Amino acid sequence: MPGLPRRLAAEAIGTALLVAAIVGSAIMAQGLTDDRALALLCNALATGAALMVLITIFAPISGAHFNPAVTLVLLLQRQMRPRDAALYLPAQILGGIAGTLLAHAMFAQPLLEASAQIRTGSAQWLAEAVATCGLVTIIIAAPRREPSNLAALVGLYIAAAYWFTASTSFANPAVTIARSFTQSMAGIRWLDTGPFILAQLVGAALALGLGRWLFGSGRS
């Protein structure tokens, strides 16, 4: 297993590139079309494709969590040391914010903006719980059954969840925080991040229980 500094770097860089793909494709789509459905499709495809590539490249180094909810579930499954998990979380959060900065810099926009995109209400919170529960369930189950297809399964699921969830499937506390710093269509108002993150953690906890019941207690 690579040393902890390399794993933390992989988590930070991977999360940064994921957020850069999310925010950058949102900015690009908004600049090319006024069709909201087409813009969302572009955003979803770019995010899903980026996830597939990033998981494939970084999984051998850090496990390619890129997501505090995933890290916490693996900690509860005793597949991570508490110290390592405690360091993964800030690496993911800071990496995500760096990804927003990078996307803005590439499109010559202000580096940090306070998002005004309102995302609130019980339907959106339920959507985040469902999106995260599905994501974490895949991450628990796939390595035991389809380990070579994990990257594709996660990327395809997130791309699909953009469309079948009311929240467009953030499913990631680090990404949620990072997206609060962009005025693009990918943004979320800072006031709305707390309930989103809580819903994501609830969804992850449900996936942990479901995964233990359906698939066993750990990944092989």
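Reading the values: rules and limits
- One numbering rule holds for all chains: residues counted from 1, following each sequence as written.
- Selection of residues for local features in this predicted model requires a pLDDT of at least 70, selection of side-chain atom pairs for listing and counting requires 80 or more, and totals for whole chains, interfaces and linings are taken over all residues.
- Excluding hydrogens and water, the side-chain values take into account all heavy atoms of the structure.
- What is meant by a nonpolar core is a set of buried Ala, Val, Leu, Ile, Met, Phe, Trp, Tyr and Cys residues, joined one to another through side-chain atoms within 4.5 Å.
- A simple rule labels every residue: compare its accessible area, found with a 1.4 Å probe on the protein chains alone, to the largest value its type can have, and call it buried under 20%, exposed over 50%, or partly exposed in between.
- In this description a helix means any DSSP run of H or I spanning at least four residues, a strand means any run of E spanning at least two, and both kinds are numbered starting from the N terminus.
- Here, residues are in contact when the closest pair of their heavy atoms is within 4.5 Å.
- Each helix should span, by expectation, one fewer than its residue count multiplied by 1.5 Å.
- Any Phe, Tyr or Trp ring, taking Trp's six-membered ring, that has another such ring centre within 6.5 Å forms a pair; planes under 30 degrees apart are called stacked, those over 60 apart edge-to-face, and the others tilted.
- Should the NZ of a Lys or the CZ of an Arg lie within 6 Å of a ring centre and within 35 degrees of the ring normal, that charge is described as sitting over the ring.

## Side note on the nonpolar core
Here comes step 1: Counting 55 residues, the largest nonpolar core has Leu-18, Ile-55, Phe-66, Leu-135, Val-136, Val-154 and Ile-158 as the members making the most contacts within it.
Here comes step 2: Listed by contribution, the elements that provide at least two residues to this core are α1 (4-32), α2 (36-62), α3 (68-76), α4 (82-106), α5 (122-145), α6 (150-164), α7 (173-179) and α8 (190-215).
Here comes step 3: Counting residues per element, this core draws most heavily on α1, which supplies 11 residues.
Here comes step 4: Filtering out sequence-adjacent residues up to four positions away, Ile-158 remains in contact with Thr-47, Leu-51, Leu-135, Ser-169 and Ala-171.

## As for α6
Residues lying three or four places apart along an α-helix face the same way, a consequence of the helix completing one turn every 3.6 residues.
Here comes step 1: Helix length check: α6, at 15 residues, gives a terminal C-alpha distance of 21 Å against a target of 21 Å (1.5 Å per residue), a fit within 8%.
Here comes step 2: Burial in α6 covers these residues: Leu-150, Ala-151, Val-154, Gly-155, Tyr-157, Ile-158, Ala-159, Ala-161 and Tyr-162.

## Comments concerning the packing of aromatic side chains
Here comes step 1: Evaluated as defined, the whole model comprises 4 aromatic pairs.
Here comes step 2: With 6.1 Å between their ring centres and 85 degrees between their planes, Phe-58 and Phe-66 make a pair best called edge-to-face. The pair Phe-58 / Phe-66 is uniform in exposure class, with both members buried.
Here comes step 3: Centroid distance Phe-181 to Trp-190: 6.3 Å. Interplanar angle 35 degrees. Geometry classified as tilted.
Here comes step 4: When its relative accessible area of 24% is taken as the criterion, Phe-181 is described as partly exposed.
Here comes step 5: Since its relative accessible area comes to 54%, Trp-190 is described here as exposed.
Here comes step 6: A cation over a ring is seen here: Arg-179 above Phe-170, with NZ or CZ 3.6 Å from the ring centre.

Purely geometric stuff here, so don't read any function into it on its own.
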